[in-house]
Structure formats: structure tokens, C-alpha cells
Amino acid sequence: MSGREGGKKKPLKQPKKDSKDMDDEDMAFKQKQKEQQKAMEAAKQKAAKGGPLVGGGIKKSGKK
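Residues numbered from 1 in each chain as written. Predicted model: local features only at pLDDT ≥ 70, side-chain atom pairs only at ≥ 80, totals over all residues. Heavy atoms only, no water.

Participant: I tried to follow the overall build of the protein on my own but got confused; where do I start?
Facilitator: The helix and strand tally for the protein stands at one helix and zero strands. Sorting the 64 residues of the protein into buried and exposed places 0% on the buried side. When the accessible surface of the protein is summed, it comes to about 7700 Å², and 54% of that surface belongs to carbon and sulfur atoms. (Helix = DSSP H or I, 4+ residues; strand = E, 2+ residues; numbered from the N terminus. Buried < 20%, exposed > 50% of the residue type's maximum accessible area, 1.4 Å probe, protein only. Areas by Shrake-Rupley, 256 points an atom, 1.4 Å probe, with all protein chains shown as cover.)

This is the structure in C-alpha cells:
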């Protein structure tokens, strides 16, 4: 047994699948993902402006 053969063997690389064949469901799913991404970007822009996100909450009085 030689020292060069020790260790894990690398798995053979699988050929890449062609994802060019997309049906209507895939197209709708990708469109929905793009819309969600745009909504997240808009929310990030709004949050970056600053200010309170929520106006409510429990107000504490100074009395004991």
C-alpha cells in the first residue's frame, strides 16, 4: 500500500444539467421570486431612511 493512495477518493464529476427547458410553472415561479425581491429591496430602502417602524407599544408612566 503506497502513501499516495490513502485518503478519500474524489467522486466523479457529474455533467451539468441543461435548465433551458422551462415550462409555465417555472416561469411563473421565477416571476414571483423577482417580485418578492423587489418588495424586499423597497422595504430595505424604507427601513434605511430611519424613524420608528412601529408607532405603538406600551407607554410607561412615571408613577409607582
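Moving on, there is more to tell.
Participant: What exactly am I supposed to notice about a negative patch on the surface here?
Facilitator: Taken together, the side chains of Asp23, Asp24, Glu25 and Asp26 make up a negatively charged region of the molecular surface. Along the chain, the position of glutamate 25 falls in helix H1 (residues 24-48). (Patch = residues over 30% accessible without salt bridge, like charges linked within 9 Å, V, L, I, M, F, W, Y side chains within 5 Å. Salt bridge = Lys/Arg side-chain N within 4 Å of Asp/Glu carboxyl O. Lys, Arg positive; Asp, Glu negative; His and termini not counted. Charge placed at Lys NZ, Arg CZ, Asp CG, Glu CD.)

Participant: Looking at this structure, how should I read H1?
Facilitator: Within an α-helix, residues lying three or four positions from one another point in the same direction, as the helix has 3.6 residues per turn. The end-to-end C-alpha distance of H1 is 36 Å, a good match for the 36 Å that 25 residues give at a rise of 1.5 Å each. Count one or two residues on from H1 and you reach glycine 50, which has phi positive near 100°. (Expected span 1.5 Å × (residues − 1).)

Just distances and angles here, no functional claims.
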